[in-house]
Amino acid sequence: MSGRGIFISEVGPRDGLQSIKSIMPTEAKKAWVSAAAAAGVPEIEVGSFVPAHILPQLADTAEIVAHARTIPGLNVAVLVPNFKGAQAAIAAGAHKITIPLSVSETHSLRNVRRSHAQMLDEVRQIAELIRSLPAGQRPHFEGGLSTAFGCTLEGVVPEQRVVELAVALMEAGCDEVGLSDTTGYGNPAQVRSLTKAVWSAVGRDKLTGIHLHNTRGQGLANALAALDVGLTTLDASLAGLGGCPFAPGASGNIVTEDLVFMLEAMGLKTGIDIDALFATRELLAQALPDEPLYGLTPLSGLPKGFEPATRK
Ligand code: ZN
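Below is a short write-up of the structure. (Residues numbered from 1 in each chain as written. Predicted model: local features only at pLDDT ≥ 70, side-chain atom pairs only at ≥ 80, totals over all residues. Heavy atoms only, no water.)

Focus: the nonpolar core
The biggest cluster of nonpolar side chains holds 92 residues, and the ones touching the most others in it are Leu145 and Leu179. The leading source of residues in this core is helix H7 (residues 159-171), at seven residues. If near-sequence neighbours (up to four positions away) are discounted, Leu179 is found in contact with Leu145, Ala148, Phe149, Val162, Leu194, Thr195, Val198, Leu207, Gly209, Ile210 and His211. (Core = buried A, V, L, I, M, F, W, Y, C linked by side-chain atoms within 4.5 Å. Buried < 20%, exposed > 50% of the residue type's maximum accessible area, 1.4 Å probe, protein only. Helix = DSSP H or I, 4+ residues; strand = E, 2+ residues; numbered from the N terminus. Contact = heavy atoms within 4.5 Å.)

Points about the side chain of Gln57
Looking at where Gln57 falls in the secondary structure, it is placed in the loop between strand E2 (43-48) and helix H3 (61-69). The contact partners of Gln57, leaving out residues within four places of it in the chain, are Leu17, Gln18, Ile20, Lys21, Ser22, Ile23 and Lys29.

Topic: the coordination of the zinc ion
The protein atoms donating to the zinc ion are Asp15 (OD), His211 (NE2) and His213 (NE2), with metal-donor distances spanning 2.0 to 2.1 Å. When the donor residues of the zinc ion are listed from N- to C-terminus, their spacing reads D-x195-H-x1-H. Of the two residues, His211 and His213, neither departs from the other in class, the shared state being buried. (Donors = N, O, S within 2.8 Å, 3.2 Å for Na, K, Ca; no water.)

Focus on the packing of aromatic side chains
Using the criterion set out here, one finds one aromatic pair in the structure. Over the ring of Trp199 we find Arg204, and its NZ or CZ is 4.0 Å from the ring centre. (Phe/Tyr/Trp six-rings, centres within 6.5 Å; stacked < 30°, edge-to-face > 60°. Lys NZ or Arg CZ within 6 Å of the ring centre and 35° of its normal.)

Quick look at the packing of H7 against helix H8 (residues 188-202)
Contact geometry for H7 and H8: axes closest at 9 Å, N-to-C directions at 40 degrees. Judged by the angle between their axes, H7 and H8 are oblique. Handedness of the crossing formed by H7 with H8: right-handed. Contacts between H7 and H8 involve Glu159, Val162, Val163, Ala166, Val167 and Met170 from the first element and Ser193, Leu194, Ala197, Val198, Ala201 and Val202 from the second. A breakdown of the residues in the contact of H7 with H8 according to their chemical character gives ten nonpolar, one polar and one charged. (Axes fitted to C-alpha atoms, helices over the stretch in contact; angles between N-to-C directions. Parallel < 35°, antiparallel > 145°, perpendicular 65-115°, else oblique. Left-handed = near helix turned anticlockwise from the far one by under 90°. Nonpolar A, V, L, I, M, F, W, Y, C, P; charged D, E, K, R; others polar.)

Thoughts on the pattern of salt bridges
One pass over the full model with this rule turns up 14 salt bridges. In the salt-bridge network here, residues are joined through shared partners; they are Arg14, Asp15 and Glu45. (Salt bridge = Lys/Arg side-chain N within 4 Å of Asp/Glu carboxyl O.)

Thoughts on the sheet that holds E2
A barrel is described by the order of its strands in space; here eight strands give the closed sequence E1-E2-E3-E4-E5-E6-E7-E8, paired in parallel fashion. Each adjacent strand pair in this sheet contributes to an overall mean axis angle of 30 degrees, direction not counted. Direction of pairing for strand E5 (residues 140-146) relative to strand E6 (residues 176-180): parallel, over a ladder of four bridges. Counted as the bridge partner of Leu145 is Leu179 from E6. Along the sheet face, helix H10 (residues 256-265) touches strand E1 (7-10) and strand E8 (233-236) and points at about 175 degrees away from the line of E1. (Pairing = 2+ DSSP bridges.)

Some details on the side chain of Asn222
As for its placement among the helices and strands, Asn222 is situated in helix H9 (residues 219-229). A relative accessible area of 0% places Asn222 in the buried class. In this structure the side chain of Asn222 is engaged in a polar contact, spanning 3.1 Å, whose partner is the backbone oxygen of Gly186. Look past the residues within four positions of Asn222 in its chain and what remains in contact with it is Asp181, Gly186, Asn187, Pro188, Val191 and Leu212. (Polar contact = N/O pair within 3.5 Å; in protein donor to acceptor, adjacent residues only side chain to side chain.)

What to know about the pairing of E2
With respect to burial, E2 is a largely interior element, six of its six residues being buried. In terms of strand pairing, E1 meets E2 through two bridges, oriented parallel. Each bridged residue has a counterpart across the sheet, and for Glu10 the counterpart in E2 is Ile44. Of the pairings in the sheet, the one linking E2 to strand E3 (residues 75-79) comprises five bridges and is parallel in character. Each residue of the ladder has a partner; that of Ile44, found in E3, is Val76. Taken together, E2, H3 and E3 constitute a β-α-β crossover, and its handedness is right-handed. (Right-handed = clockwise from strand over helix to strand, strands pointing away.)

Concerning the layout of surface pockets
Its volume calculated, the largest pocket comes out at about 770 Å³. Lining the largest pocket are 48 residues, and of these Arg14, Leu79, Thr98, Pro100 and Asn111 lie nearest its centre. When the residues that make up the lining of the largest pocket are grouped by side-chain class, the tally is 17 nonpolar, 20 polar and eleven charged. In this structure, the second largest pocket encloses a volume near 170 Å³. Along its surface, the second largest pocket is lined by Arg69, Ile90, Gly93, Ala94, His95, Leu133, Gly136, Gln137, Arg138 and Pro139. Here the lining of the second largest pocket is composed, by residue class, of four nonpolar, four polar and two charged. (1 Å grid on protein atoms, 1.4 Å probe; cavity = no way out; pocket = protein on both sides within 12 Å on 5 of 7 lines; lining within 4 Å. Points joined across faces, edges and corners; volume = space filled by probe spheres on them.)

Brief notes about helix H6 (residues 116-131)
The end-to-end C-alpha distance of H6 is 22 Å, a good match for the 22 Å that 16 residues give at a rise of 1.5 Å each. Of the surrounding secondary structure, the elements contacted by the buried residues of H6 are helix H4 (83-92), strand E4 (96-102), helix H5 (105-112), E5 and H7. (Expected span 1.5 Å × (residues − 1).)

Observations regarding the environment of Phe141
Relative to the elements of secondary structure, Phe141 occurs in strand E5. Phe141 sits 32 residues away from Gly173 along the chain, and the two C-alpha atoms are 8.3 Å apart. The residues contacting Phe141, other than those within four sequence positions of it, are Ile97, Ile99, Val123, Ile126, Ala127, Ile130, Gly173, Cys174, Asp175 and Glu176.

Function-wise, these values are silent; they only describe arrangement.
What follows is the structure, encoded as structure tokens:
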């Protein structure tokens, strides 16, 4: 896989911030987004269009989208729980909209208070709204299969159920589906097997990305399994900030800094300048002084003589 490019989607401003109590000031979020983009991060999930009383941390998402849209070349992604959220995301000008569909229906009811059938109705309405827009203004629409590797509430999630819902999301009008290990239950063998199973049902080009959590220390191993099987987009969170407030015990995403180090050391270009990424982490440390930051590469430093693939 030498020389191949890997697409990293930074989800810290959404997944990271939604899981912590501290509210990051809007200006600090803008500075984070700007610094990450300047470091070469190609896509940032900058927030979520959920009611402010549910996630006050993300109440300024429209303003963050507007700011992110001014950064040339940056793909601006957001999460939406429903049609209303998608309307707001489109009005704000997001390039990519992801709606999560929990494969565990219990988690879906807890997380967005909707059954699978209700969520698929929302997806159909959103797809219709997107189709009604002029061709150049349609955001990319992804259905995120959350709790795809297991659920803290239901336990084992059958692979066949993930496949069925991937098909249902595509039939409802998504452009693509994504696999999400919301709870950090996944292992590398499962990543390979589930990816292949979903590919066989929806086609290889309709699943390119995966969202991993490091809850049980499997994050980088799972990321490597994803790359080996042929996925090309990896979600990660600066300093491993993250979790899910409705999946008890679920903690941080895979750490962007460690992931970029692994890929660049393997000769895979991320387009991200790792020193600039470390500097971005400092902004986070200053803006959220009470939050634990994860990741070992920034603490240990880069190996002597290390040459990132992106600079070669
Ligand atoms: Zn997550």
